[in-house]
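# Architecture at a glance
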Amino acid sequence: MAVHEVAEEGFGREAETYERVRPSYPADAVAWLVDGLGLEPGRVVLDLAAGTGKFTRLLVPSGATVLAAEPVDGMRRRFLAAVPGVPVIGAVAEALPVARGALDAITVAQAFHWFDADRAFDEFARVLQLGGRVGLIWNARDRSSDWVNEVWSIMDRVEKRAPWRDHEHWRDSALGARSAFGPLHAETFRHEQSISPEGVVDRIASVSHVAVLPPAERERVLGEVRGVLTHHPDTRGRSELRIPYRVDAYWCERA
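As the structure is a computational prediction, the values presented were derived from the model and not from experiment.

## Concerning the overall build of the chain
From N to C terminus, the chain includes eleven helices and seven strands. Considering the chain as a whole, with its 255 residues, one finds that 54% of them fall into the buried category. The long-range fraction of contacts in the chain, counting pairs at least 24 apart against all pairs at least 6 apart in sequence, stands at 76%.

Pasting the structure below:
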């Protein structure tokens, strides 16, 4: 199973920027998932599409044995520097080099939309023991702030064919009832990312669909973002900004 070409190229190019400017996850959302998945000493959890380890490192304090899988070479190299002590393999969710029933839990942060949902859940059913659980989490775009909405509106034009477009419809179809799993538990959280104006520009540069643009087009997009930050009354002249996020979290149990 090949990695989506936009993910492989874009995240491979921008792994360092991704680690530096992508938001983490709020403590209440992490605690909800850790509790829902039953993570504790003696349990084994695999964090899939772990990227640079943004979410993986938040699982370590649970005391569970934490493993990671990340198929993009550039991201995996950055993971090794950011999360020492957690083993990471190069693998995709649809074909895991893991024995049947070997895992107590699987987590996926900010990545399930890149997977083939049916094949991934079939693989989850294989590698999880009965009663094992899957946890999914996203930092979703909160457009309640006017300047943030203007920035995401620029991204709307760039990401017309991105896998996460029409998030609500995609979520309902991809995460619907599955015969090997029990009901889906869902919760919503909120948090904000404190970031400099140039950090906002880098945040946009770290988006895979921007990273793969031809250089001139990429600079045009980033120039538009700088224009919003320079001229919008809520950002003009400020050295620190705050980007709001809605955090969507889910878990379900292997039946």
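## Description of the nonpolar core
Formed by 30 residues in total, the largest nonpolar core has its most connected members in Leu48, Val108, Phe112, Phe115 and Phe124. Those elements that provide at least two residues to this core are strand S1 (44-48), strand S4 (103-109), helix H6 (117-127), strand S5 (128-141) and strand S7 (241-253). For this core, the leading source of residues is H6, giving six residues. Discounting residues that sit within four places of it in the chain, phenylalanine 115 has contacts with Leu48, Ala49, Ala93, Glu94, Val108, Ala120 and Phe124. Of all hydrophobic cores here, the second largest spans 25 residues; its members include Leu39, Ala50, Ala64 and Val88.

## Observations regarding the environment of arginine 77
Mapped onto the elements of the fold, arginine 77 is located in helix H5 (residues 73-82). By relative accessible area, arginine 77 is classed as exposed at 58%.

## Section: the packing of helix H7 (residues 146-158) against helix H9 (residues 197-205)
Running from N to C, H7 and H9 point in directions that differ by 30°, and their axes come no closer than 11 Å. Classified by the angle between their axes, H7 and H9 sit roughly parallel to one another. Crossing of H7 over H9 shows right-handed handedness. Mapping the contact onto sequence places Trp147, Val151, Trp152 and Met155 in H7 and Val200, Arg203 and Ile204 in H9. Partitioned by chemical class, the residues of the contact of H7 with H9 number six nonpolar, no polar and one charged.

## Considering the sheet that holds strand S6 (residues 185-195)
Overall, mixed pairing links the seven strands, which are arranged S3-S2-S1-S4-S5-S7-S6 in an open sheet. At either margin of the open sheet sits one strand with a lone partner, and together these are strand S3 (88-89) and S6. Across eleven bridges, S6 lies against S7 in antiparallel orientation. Each bridged residue has a counterpart across the sheet, and for arginine 190 the counterpart in S7 is arginine 246. Across the sheet, helix H3 (residues 27-37) touches S4, S5, S6 and S7, and the angle it forms with S7 is around 5°.

## With respect to the pattern of salt bridges
This model, assessed by the stated rule, comprises 19 salt bridges. Of the charged contacts, one joins glutamate 19 and arginine 57 as a salt bridge, the two residues approaching to 3.0 Å between their closest N and O atoms. Note that glutamate 19 is positioned in helix H2 (residues 15-21) and arginine 57 in helix H4 (residues 56-59), a separation of 38 residues in sequence. Its salt-bridge partner being arginine 226, residue glutamate 198 comes within 3.4 Å of it at the nearest N-O pair. You can see glutamate 198 sitting in helix H9 and its partner arginine 226 sitting in helix H11 (residues 215-231), a full 28 residues away along the chain. With relative accessibility at 40%, the residue glutamate 198 sits in the partly exposed group. Overlapping salt bridges bring together Arg157, Glu217, Arg220 and Glu224 as one network.

## Comments concerning the environment of tryptophan 114
Its location among the elements puts tryptophan 114 in the loop between S4 and H6. Between the C-alpha atom of tryptophan 114 and that of alanine 49, which follows or precedes it by 65 residues, the distance is 9.2 Å. A polar side-chain atom of tryptophan 114 sits 3.3 Å from a polar atom in the side chain of histidine 113.

## Section: the pairing of S4
Of all seven residues in S4, seven are buried, a share of seventy percent or more. Where S1 lies against S4, four bridges are found, and the strand directions are parallel. Bridge pairing links leucine 48 to valine 108 in S4.

Parameters at a glance
Residues numbered from 1 in each chain as written. Predicted model: local features only at pLDDT ≥ 70, side-chain atom pairs only at ≥ 80, totals over all residues. Heavy atoms only, no water. Helix = DSSP H or I, 4+ residues; strand = E, 2+ residues; numbered from the N terminus. Buried < 20%, exposed > 50% of the residue type's maximum accessible area, 1.4 Å probe, protein only. Contact = heavy atoms within 4.5 Å. Core = buried A, V, L, I, M, F, W, Y, C linked by side-chain atoms within 4.5 Å. Axes fitted to C-alpha atoms, helices over the stretch in contact; angles between N-to-C directions. Parallel < 35°, antiparallel > 145°, perpendicular 65-115°, else oblique. Left-handed = near helix turned anticlockwise from the far one by under 90°. Nonpolar A, V, L, I, M, F, W, Y, C, P; charged D, E, K, R; others polar. Pairing = 2+ DSSP bridges. Salt bridge = Lys/Arg side-chain N within 4 Å of Asp/Glu carboxyl O. Polar contact = N/O pair within 3.5 Å; in protein donor to acceptor, adjacent residues only side chain to side chain.

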